[in-house]
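Residue-level structure breakdown
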Amino acid sequence: QVQVVESGGGLVQAGGSLRLSCAASPSILDINAMGWYRQAPGKLRELVAQVTSGGLTNYADSVKGRFTISRDNAKNTVYLQMNTLKPEDTAIYYCRVQWRRYRFDWGQGTQVTVSS
């Protein structure tokens, strides 16, 4: 059974930090990339950060220098360290796994709320 499970969201004050985790089930094989997306109320879902199996990363301009994505290939897990959080970072954060090139699976999402 394919599963993608996020954890680590919550409520934090502006300037604070949170760390999100995303674990893909062992049945997900040949992972190409794992990434974090977010969707705020009334807005489209957007890419936050992504890391490939080879370790290449890319970030949205709005989070560069504040967020760091990392990956543990052995555990099929990806992390998102979020520092200097801003109210505009408030959203539901989703993990997406790309595997076997053309297969994509999403987690259920985790809420991040940053108060001013």
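The paragraphs below set out a description of the structure included in this document. (Residues numbered from 1 in each chain as written. Predicted model: local features only at pLDDT ≥ 70, side-chain atom pairs only at ≥ 80, totals over all residues. Heavy atoms only, no water.)

Of regular secondary structure, the protein possesses 0 helices and 11 strands. Along its sequence from the N terminus, the protein presents helices and strands in the succession β-β-β-β-β-β-β-β-β-β-β. Taken against the 2.2 N^0.38 rule, which gives 13 Å for 116 residues, the C-alpha radius of gyration of the protein at 13 Å falls within 12% of a compact globule. Taking the principal axes of the C-alpha coordinates as reference, the protein spans close to 40 × 25 × 25 Å. By the burial criterion, 43% of the 116 residues in the protein qualify as buried. Across the protein, the fraction of contacts at a sequence separation of at least 24, relative to all contacts at a separation of at least 6, is 55%. For the protein, the exposed surface amounts to about 6,200 Å²; the carbon and sulfur share of it is 49%. Positive and negative side-chain charges in the protein, numbering 13 and 8 respectively, have mean positions lying 2 Å apart. (Helix = DSSP H or I, 4+ residues; strand = E, 2+ residues; numbered from the N terminus. Rg over C-alpha atoms; globule rule 2.2 N^0.38 Å. Buried < 20%, exposed > 50% of the residue type's maximum accessible area, 1.4 Å probe, protein only. Contact = heavy atoms within 4.5 Å. Areas by Shrake-Rupley, 256 points an atom, 1.4 Å probe, with all protein chains shown as cover. Lys, Arg positive; Asp, Glu negative; His and termini not counted. Charge placed at Lys NZ, Arg CZ, Asp CG, Glu CD.)

Another point: the side chain of Asp-105. Tracing the chain through its elements places Asp-105 in strand S10 (residues 103–106). Buried charge Asp-105 goes without a salt bridge, the closest partner of opposite sign being Arg-103 at 4.7 Å. A distance of 2.8 Å separates a polar atom in the side chain of Asp-105 from a polar atom in the side chain of Trp-99. Every residue in contact with Asp-105, bar those within four places of it in the chain, is listed here: Val-2, Val-4, Cys-95, Arg-96, Val-97 and Trp-99. (Salt bridge = Lys/Arg side-chain N within 4 Å of Asp/Glu carboxyl O. Polar contact = N/O pair within 3.5 Å; in protein donor to acceptor, adjacent residues only side chain to side chain.)

Before going further, it helps to spend a moment on the pairing of strand S9 (residues 91–99). With 8 of 9 residues buried, S9 lies mostly within the body of the structure. As defined by bridge partners, strand S4 (residues 31–39) adjoins S9 across 8 bridges and the pair is classed as antiparallel. Each bridged residue has a counterpart across the sheet, and for Tyr-37 the counterpart in S9 is Tyr-94. Relative to strand S11 (residues 110–115), S9 runs antiparallel, the two being bridged by 3 bridges. Of the residues in S11, the one forming a bridge with Ala-91 is Val-112. The sheet contact formed by S9 and S10 spans 4 bridges and is antiparallel. Across the sheet, residue Gln-98 finds its bridge partner in S10, namely Phe-104. Between S9 and S10, which pair antiparallel in sequence order, lie 3 residues; one of them, Arg-100, sits at a positive phi of approximately 50°. (Pairing = 2+ DSSP bridges.)

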